[in-house]
Amino acid sequence: MSAQTMEFKTEVKQLLDLMIHSLYSHKEIFLRELISNASDAIDKARYESLTNQALLEGGGDWKIELIADKEAGTLTIRDNGIGLTRDEAITALGTIAHSGTKEFMKALQSKEVKENPELIGQFGVGFYSSFMVADKVSVRSRKAGAANDQGIVWESSADGSYTIDTITKETRGTDVILYMKEEEKNLLDQWELRRIVRKYSDYIEHAICMEIDNYDDKGEKDGTKEDILNSRKAIWLKDKSEITAEEYKEFYKHVSHDFTDPAETIHYRAEGTNEFSALLYIPSRAPFDLFYKEYKIGPTLYVKRVQIMEHCEALMPVYLRFVKGVVDSSDLPLNVSREILQNNRMIEVIKKNITKRVLDALSHMKQNDFDKYLAFYKEFGKVLKEGIHYDATRKEAIAELLLFESSKTAAGEFTNLSDYVTNMPSDQNEIYYITGESRGEVASSPYLEAFRDKGYEVLFMYDEIDDYIITNLGEFKGKKFKSVIKGDIALDKDKEEQKKEAEKKYKLLIDLLKDRLKDDVGEVRLSGRLKDSACCLVAGETDMDPQMEKLLKSMGQEVPDTKRILELNSEHPVVAKMNALFEENKENPILGEYAEMLYDQALIMEGSKPKDPSRFAQRISRLMAGA
Ligand code: ADP
Ligand code: MG
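Our subject in this report is the structure included herewith. (Residues numbered from 1 in each chain as written. Chains lettered and ligands numbered in written order. Predicted model: local features only at pLDDT ≥ 70, side-chain atom pairs only at ≥ 80, totals over all residues. Heavy atoms only, no water.)

## A closer look at the packing of helix H9 (residues 345-368) against helix H10 (residues 370-384)
Viewed as axis vectors pointing N to C, H9 and H10 meet at an angle of 140 degrees, and their least axial separation amounts to 8 Å. Judged by the inter-axis angle, H9 sits oblique to H10. For the pair H9 and H10, the sense of crossing is left-handed. From H9, Leu 359, Leu 362, Met 365, Lys 366 and Asn 368 reach across to H10, where they touch Phe 370, Lys 372, Tyr 373, Phe 376 and Leu 384. Residues that form the contact of H9 with H10 fall into these classes: seven nonpolar, one polar and two charged. (Axes fitted to C-alpha atoms, helices over the stretch in contact; angles between N-to-C directions. Helix = DSSP H or I, 4+ residues; strand = E, 2+ residues; numbered from the N terminus. Parallel < 35°, antiparallel > 145°, perpendicular 65-115°, else oblique. Left-handed = near helix turned anticlockwise from the far one by under 90°. Contact = heavy atoms within 4.5 Å. Nonpolar A, V, L, I, M, F, W, Y, C, P; charged D, E, K, R; others polar.)

## Examining the site of ligand 1
In the region of ligand 1, 12 residues are neighbours, and Asn 37, Ala 41, Asp 79, Ala 92 and Phe 127 sit closest. In this structure, Asp 79 approaches ligand 1 through a side-chain N or O atom, which is 2.9 Å from a nitrogen atom. The backbone of Phe 127 places a nitrogen or oxygen atom 2.9 Å from an oxygen atom of ligand 1. In isolation ligand 1 exposes 530 Å². Once the protein is present, 77% of that is buried. The dominant element in the shell around ligand 1, judged by the number of residues it contributes, is helix H2 (residues 29-49), at three residues. Of the residues belonging to the shell around ligand 1, the class tally is six nonpolar, five polar and one charged. (Near = heavy atom within 4 Å. Polar contact = N/O pair within 3.5 Å; in protein donor to acceptor, adjacent residues only side chain to side chain. Areas by Shrake-Rupley, 256 points an atom, 1.4 Å probe, with all protein chains shown as cover.)

## Regarding unusual backbone geometry
Phi is positive for Ala 158, which is not a glycine, with a value near 55 degrees. Within the secondary structure, Ala 158 is located in the loop between strand S5 (151-156) and strand S6 (161-167). Residues other than glycine seldom take positive phi values, yet Arg 232 does so here, at roughly 65 degrees. The residue Arg 232 is located in the loop between strand S9 (221-228) and helix H7 (245-256) in this model. Arg 232 sits in the partly exposed class, given a relative accessible area of 34%. (Buried < 20%, exposed > 50% of the residue type's maximum accessible area, 1.4 Å probe, protein only.)

Put into structure tokens, the structure is as follows:
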């Protein structure tokens, strides 16, 4: 087949542009990315050869070679790993193999990425980083196990297109040949290459080899010899004391594709009947696809240093899906499959252990470095709280980690459930909370009036799932949760008598309102939660939280329409005035108008629009003119 010229997908063009111009200060990382790809390719070949010896083609001496040719101005990164077929090269190198391509495009244009270009690292820009240092890149590859004449060559100068052709290649694996830019030729220096490998790729398990100058006894140059540039020690198997903070960070960037430093590193070895090492990281920034279905969960699983799979879902609960890292088990069989992993007792034990360690680390962070914890919580709190739904055994532990603003905190300051319960006045029996879109919306809500008056704190919750999560949690330290926007509220036991009397007094007025508003509200009653406002709308005790309702509707789910309850403040002059009008003349047409105006007011107070805004405005104007 002759050479074929193909266009890059548009997002690749944009990525190349952005990267070449803005990631430039990080340009050394091209080598880390290419070595990491070579290492991945070897891991895959080694894993597949466990069940298919033929792939070894007679040799299983895995290695990565760097070949610097100063005369030609090229640097070759060679591996004897799994290799690429023609189709694989087209998809892997001609597109961005990423689930959230649309998100990615958005991110490329965003102000955040323009100001912090290293953020695009999280999209796995890997291979394309070669174009930061090379004018042209040529990839020569042959799939392990394929015939020699089934090799391919892929070539591009990052000008919007690439070519692909068939070649004969004697050895399996891939050569990535970089035609270095004039101003980057210093990277061909062997000491420079050694330095970069040490800095970024020292932990790579496979040997990274290079021909280096050889010196004889007298210190004179005598040909070349092959040297291994990396120490090859799997970082997670090393002793903590042997690892520098820098090395931990570099390894994080390798496993996570993140360019920012991690917030927390958790490294330990579990001894006993089930031995494993874990090196886990809590990132400092949420990746863009954290809430996508395609988001890949779980650490990389190794068995005795052999990589088994990149994302082992069975090892990590979904609510800790932001955690990255590596788990290396000494006891699992090498040939474990995904199916086996799903129901493996040993995996289950490791997962439990990891979960506990991560939650402990978070709890420790919250206690000892609150600012750091707060930063973490803002990025990942929404994911963490899913744990209350998913993990019944750790509900309380996770609940301890939640943070909330409240009616007693300033904006941007937080309380937590333990402190809340400790600070409860002795006559308060429940934990009160209000859901809404933002502090602005809930802080001035009429629903809080009576609670403020009593000195009771109300927790503010802004995530759509909060009501669901809290309902699921049910109680904390023996105190039940109660939404202040749902159900009946009776804060004062001694006012019961008074309320009964008011109910008798206003019975007929309430009946009239029920009748007038029967299309809009399911019930009209006197309120136990109002102080200064005349009325408000509330949901029934078991009704769906309005935030949740919005969320479900936005996801296109059908939500049954439940009518709300209109509550009146029996101590408000408006109610007394209406009642007086009513007693004077039960047929007074103004009563109907007032009923609708009460309802409209209640709508406005919960952040909705009046039913008919222009009619509402006309009525107000008429009232004002009358006054
Ligand atoms: P990532 O490594 O995150 O998948 P890259 O841009 O680094 O992203 O690489 C893209 C894809 O190209 C890889 O997933 C792999 O399929 C393929 N690839 C790159 N380098 C090699 C190689 N040396 N051998 C085999 N496949 C490779
Ligand atoms: Mg890569």
